Amino acid sequence: MKHTVVLTAAMPDVATALLSQECDVLTHISEEPRTEDELIDILADADGAITILTDPVTRRVLTSNPNLRIVANCAVGTDNIDLVAARELGIAVTNTPGVLTEATADLAFALILAATRRIIEGDAMMRNGNFLGWQPLMLLGTELNEATLGIIGMGRIGFAVAARAKAFGMSVAYHARSVHHDTEEAHGSLRMELDELLEKSDVVSLHAPLTPETAGMIDSRALALMKPSAFLINTARGPLVDEDALATALETGRLRGAALDVYQEEPRVNPRLLPLSNVVLLPHLGSATTRTREAMARIAATNVLSWLRTGRAPNIV
Ligand code: GLV
């Protein structure tokens, strides 16, 4: 009998093309993040699932369908999945590492430039008809050359951001659990304790996974250590940052600016951030290029096929 694989969102065609050679594929489209109950409903007949990062793959979801053998998350992060429960139940979990590194590093750098050079404010000025002519003091920003970029989390994406920073003439500091000789050698990066990195950086960029240890790491205490002229960039996971504390720092001029691609209660944005011109807000676009999303879909489908065929898969978490 053919296996049934459920896709919890519309995905690049390659996923269905690969899977449908030997499985029945059901795609369930929803504009909004699903609840646990909705997920239980759509996974009812699935042997395998390709999920997205907004799907709450909880223990209750995992136990609801005894046939479920693999959850292939179409993301590098797996914080939306109860990995302990999956392991206990013998359900494989896979992710899509590697293929989204460059796209996400590009977006982090786009946000660094947007925040430091006030690109969104400038665009708004043009559209609102407020550009009346060149002025020496208009929309002055912060230069990256000779500034220090502090990277928190030195995985693949942190490394790729460090490479871009080096090309922009920045010094790179990083905070990670272990020493990363590769970036120290390639980019002259210096490992620092978190507090020292926060104190010394002109731009702080987050590239750590969401875990109990990293949740809320950028709170009012951390923000108070940053230079008032500094910027905070988050393309990792929203709950790393206490958004209320960030809003206070931005409102009071305690911090010069921020740029966020991810949110504490995604897709909700803290309403205090919306009126602020010193924060750039994007709708979780880190990996959103055609090439990367195709590669992610291909990897997710390959993991499902491989697991259902052989009980092995290349990207087990
Ligand atoms: C995106 O945020 C991912 O984890 O792939």
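Above this text sits the structure in question.
Rules used in this analysis
- Residues numbered from 1 in each chain as written.
- Predicted model: local features only at pLDDT ≥ 70, side-chain atom pairs only at ≥ 80, totals over all residues.
- Heavy atoms only, no water.
- Helix = DSSP H or I, 4+ residues; strand = E, 2+ residues; numbered from the N terminus.
- Rg over C-alpha atoms; globule rule 2.2 N^0.38 Å.
- Buried < 20%, exposed > 50% of the residue type's maximum accessible area, 1.4 Å probe, protein only.
- Contact = heavy atoms within 4.5 Å.
- Areas by Shrake-Rupley, 256 points an atom, 1.4 Å probe, with all protein chains shown as cover.
- Salt bridge = Lys/Arg side-chain N within 4 Å of Asp/Glu carboxyl O.
- Pairing = 2+ DSSP bridges.
- Right-handed = clockwise from strand over helix to strand, strands pointing away.
- Axes fitted to C-alpha atoms, helices over the stretch in contact; angles between N-to-C directions.
- Near = heavy atom within 4 Å.
- Polar contact = N/O pair within 3.5 Å; in protein donor to acceptor, adjacent residues only side chain to side chain.
- Nonpolar A, V, L, I, M, F, W, Y, C, P; charged D, E, K, R; others polar.

Draft legend 1. Representation of the overall build of the chain. Helices and strands together make up the secondary structure of the chain, namely twelve helices and twelve strands. Taken over the C-alpha trace, the chain has a radius of gyration of 21 Å; the compact-globule value for 317 residues is 20 Å, and the two agree within 12%. In the chain, which comprises 317 residues, the share counted as buried stands at 49%. Partitioning the intrachain contacts of the chain with sequence separation of at least 6 by distance along the chain shows that 57% fall at a separation of at least 24. Carbon and sulfur atoms form 53% of the exposed surface of the chain, whose accessible area is close to 15,300 Å².

Draft legend 2. Representation of the pattern of salt bridges. Summed over all chains, the structure comprises 16 salt bridges. Ionic pairing is found between Lys2 and Asp24, a salt bridge with its closest N-O pair at 3.9 Å. Of this pair, Lys2 sits in the segment before β1 (3-7) while Asp24 sits in strand β2 (residues 23-27), and the two are 22 residues apart along the sequence. Note that Lys200 and Glu196 form a salt bridge whose closest N and O atoms lie 2.7 Å from each other. Of the two residues, Lys200 and Glu196 are both situated in helix α9 (residues 194-200); the distance of four residues between them amounts to about one turn of the helix. Connected via shared salt-bridge partners are Glu36, Asp37 and Arg60.

Draft legend 3. The arrangement of the pairing of strand β3 (residues 48-51) in detail. The two faces of β3 match: Gly48 and Ile50 on one face and Ala49 and Thr51 on the other face are all buried. Where β1 meets β3, three bridges bridge the pair, whose relative direction is parallel. Each residue of the ladder has a partner; that of Val5, found in β3, is Gly48. Both β3 and strand β4 (residues 70-73) contribute to a ladder of four bridges, which runs parallel. Bridge pairing links Ala49 to Val71 in β4. Each parallel crossover has a hand, and the one from β3 via helix α3 (residues 59-64) to β4 is right-handed.

Draft legend 4. Structural detail: the sheet that holds β2. The strand order across the open sheet built from five strands is β2-β1-β3-β4-β5, with neighbouring strands paired in parallel fashion. Only two strands of the sheet have a single partner each, and these edge strands are β2 and β5 (92-94). The sheet shows a mean angle of 15 degrees between the axes of neighbouring strands, taken without regard to direction. By the bridge criterion, five bridges tie β1 to β2 in an arrangement that is parallel. In the sheet register, Leu7 faces β2, and the bridge partner there is Thr27. On top of the sheet, helix α12 (residues 290-310) reaches β1, β2, β3, β4 and β5; it is set at about 165 degrees to β4, its chief contact.

Draft legend 5. Up close: the site of the ligand. The full set of residues close to the ligand is Leu53, Ala75, Val76, Gly77, Leu100, Arg237 and His284. Taking Arg237, its side chain carries an N or O atom lying 2.7 Å from an oxygen atom of the ligand. The contact in question runs from an oxygen atom of the ligand to an N or O atom on the side chain of His284, over 2.8 Å. Coverage of the ligand by the protein chains reaches 88% of its 190 Å² of free accessible surface. Its residues assigned to classes, the shell around the ligand shows four nonpolar, two polar and one charged.

Draft legend 6. Geometry of the environment of Glu199. Summarising the element assignment, Glu199 is placed in helix α9. Along the chain, Glu199 and Met226 lie 27 residues apart, while their C-alpha atoms are 4.9 Å from each other. Every residue in contact with Glu199, bar those within four places of it in the chain, is listed here: Leu225 and Lys227.

Fair warning: the whole summary comes from geometry, so function is off the table for now.
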